[in-house]
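If you want the building blocks of each chain, they are given just below.
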Amino acid sequence: MNVQYYSTRSTGNPVLASQAILKGLSDDGGLFVPDHIPTLEKSMAELAGQTYQETALDVMKLFLTDFTEEELKHCIESAYDSKFDTEVIAPLVEADGAYYLELFHGATIAFKDMALSILPHLMITAARKNQIRNDIVILTATSGDTGKAALAGFADVKGTKIIVFYPKNGVSPIQEKQMVTQKGDNTFVVGIHGNFDDAQTGVKNIFNDRAFAKQMEEGGFQFSSANSINIGRLVPQIVYYVYSYAQLLHSGKIADGEKINVVVPTGNFGNILAAHYAKQMGVPIEKLICASNENKVLFDFFETGVYDRNREFHLTSSPSMDILISSNLERLIYEITGRNAEENAKLMKSLTEKGVYEISPEMKEKLKEFFGGFATQQETADQIRKVYEDCGYILDTHTAVASSVYEKYVAKTADHTPCVIASTASPFKFTRSVMTAIDASYDKMSDFELVDELSKLGNVKIPAAIEEIKSAPVRHDTVCEKDEMPKVIREFLGL
Ligand SMILES: *Cc1c(COP(=O)(O)O)cnc(C)c1O
């Protein structure tokens, strides 16, 4: 039987997976959620000997039920190939008392590649299944990493165009260089004067603009989303949590059925939600530890049950987590209302109108498997230095937030359950913050000198993604105000 996808904000009108992937967001502004979370068909022992690609098929076919197995296999094989610099795709590295699940071995060296290398294939397949003739226009707001990973995934994919908005002064120099040098006639990159939330709100408003949609239709276009609200991104992210457990089991680090904890450096709540879904599928996960930086809206939420975005926004050394509206949290809120769309819609309305909502004590009771923590920039830098000095392993700033929160968690709870830490970016992507954390005197060097130095210090090869941009020409230089986003889209599409 097909898994059906419902909006988090209204009852009725379910769609199939392929339609949910094409639409991205429901017409009522809600997010699509599966009607139930399927359980894994194979035991962990059976999964333990499998490749990443085989595991991906076993997980994804349970959610994307209107895709044939052949179609999914094709998508998986096109995505998880030599674009990744390791055959295991997502290796686990033991360091300093935890297992780092390295999710940064794809084309743009951040974990977004795990989902965005497959999304274009899922989307093209979905378009074919639904007899779509329009060009699909991917509209994306990015805090730095999604943008490049989506650009890389969709560049020159026939029948698609991709438009990326990023906060002009809110991404790292290497992130910006990666985006503005993007090749492909169907790509368009725009910096906005504003922060990530402004970009994301702008994109959401455009998605909800009926008049704009009509104009698009007349021009032979339709929008879709590559943001983590798309279930076509969420589902592929469940795979590596299943895979990491299977790997731990396979290598004898844990016994079959033994619980693990998972720590996720969190921004939009997509990655940790995928871990929560993996748990519901049957992976023996105990605690889901949600790590925030100084934008600790989620930490406060798990402490108090109040989600309050009315606060100062901090630009930190972990920019991909500089987010005050964690969109995917809505899926969890919907779940803990007992899948009550009306109740959820009320809370989300309050978030839009007042910037705040409070969940009931009964709802809060259902969040016990989550532990919220945060790390300041100083703690993050200290953790990079500490782990490096302890064992020579160099963390990126986002992973270091998670690592620091994990240490605080253990100090507070004395819980020594084996722990997987999602390692979401290569340190080469945030070279300056990483290197100056190890030794402040590195600040004198240029970004690319630091790249060479990091390579020597960590004894790791410079990733191809970094080598490429050293000499690549800038191809995108559009900058706009946040209220000009619709205008620049019309210009790009010739509407
Ligand atoms: C996107 C991103 C995150 C946050 O992930 P969410 O799914 O948005 O919570 C963390 N670290 C890095 C490096 C990222 O690119």
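Residues numbered from 1 in each chain as written. Predicted model: local features only at pLDDT ≥ 70, side-chain atom pairs only at ≥ 80, totals over all residues. Heavy atoms only, no water.

A. Representation of the overall build of the chain within the structure. If you tally the helices and strands in the chain, you get 22 helices and 15 strands. The C-alpha atoms of the chain give 21 Å as radius of gyration, which agrees with the globular expectation for 495 residues (23 Å, within 12%). Along the longest, intermediate and shortest principal axes, the C-alpha atoms of the chain span 60 × 50 × 45 Å. Expressed as a percentage of its 495 residues, the buried residues of the chain come to 59%. A separation of at least 24 residues holds for 75% of the contacts in the chain among residues at least 6 apart in sequence. Carbon and sulfur atoms form 48% of the exposed surface of the chain, whose accessible area is close to 18900 Å². Here the chain contributes 49 positively and 67 negatively charged side chains, and the mean placements of these two sets differ by 3 Å. (Helix = DSSP H or I, 4+ residues; strand = E, 2+ residues; numbered from the N terminus. Rg over C-alpha atoms; globule rule 2.2 N^0.38 Å. Buried < 20%, exposed > 50% of the residue type's maximum accessible area, 1.4 Å probe, protein only. Contact = heavy atoms within 4.5 Å. Areas by Shrake-Rupley, 256 points an atom, 1.4 Å probe, with all protein chains shown as cover. Lys, Arg positive; Asp, Glu negative; His and termini not counted. Charge placed at Lys NZ, Arg CZ, Asp CG, Glu CD.)

B. Representation of the site of the ligand. The immediate surroundings of the ligand are formed by 15 residues, with Lys 112, Asp 145, Gly 267, Asn 268 and Thr 424 found nearest. Here an oxygen atom of the ligand sits 2.8 Å away from a polar atom, N or O, in the main chain of Gly 267. A distance of 2.7 Å is found between an oxygen atom of the ligand and a backbone nitrogen or oxygen belonging to Asn 268. Protein burial of the ligand: of its 380 Å² of free accessible surface, 98% is covered by the chains. In a pocket analysis with a 2 Å cut-off to the grid points, the ligand is assigned to the largest cavity. (Near = heavy atom within 4 Å. Polar contact = N/O pair within 3.5 Å; in protein donor to acceptor, adjacent residues only side chain to side chain. 1 Å grid on protein atoms, 1.4 Å probe; cavity = no way out; pocket = protein on both sides within 12 Å on 5 of 7 lines; lining within 4 Å. Sits in = over half its atoms within 2 Å of the grid points.)

C. Examining the side chain of Arg 233 more closely. Mapped onto the elements, Arg 233 comes out in helix α11 (residues 231–250). Here Arg 233 occupies a buried position and makes no salt bridge, while the nearest side chain of opposite charge, Asp 145, is found at 9.1 Å. Residues contacting Arg 233, with those up to four places away along its chain left out, are Lys 112, Ala 115, Leu 116, Leu 119, Thr 146, Ala 226, Asn 227 and Ser 228. (Salt bridge = Lys/Arg side-chain N within 4 Å of Asp/Glu carboxyl O.)

D. Here's a closer look at the sheet that holds strand β6 (residues 160–167). Across the sheet, which stays open at both edges, the five strands sit in the order β8-β5-β6-β7-β15 with parallel pairing between neighbours. Two strands bound the open sheet, and with one partner strand each, they are β8 (221–225) and β15 (478–481). Pairs of neighbouring strands in the sheet enclose a mean axial angle of 30°, with direction left out of account. Pairing analysis gives five bridges linking strand β5 (residues 135–141) to β8, with the strands arranged parallel. Among the inter-strand pairings, Ile 136 is bridged to a residue of β8, identified as Gln 222. Across the face of the sheet, helix α9 (residues 196–207) comes into contact with β5, β6, β7 (187–193) and β8 while running at roughly 150° to β5. (Pairing = 2+ DSSP bridges. Axes fitted to C-alpha atoms, helices over the stretch in contact; angles between N-to-C directions.)

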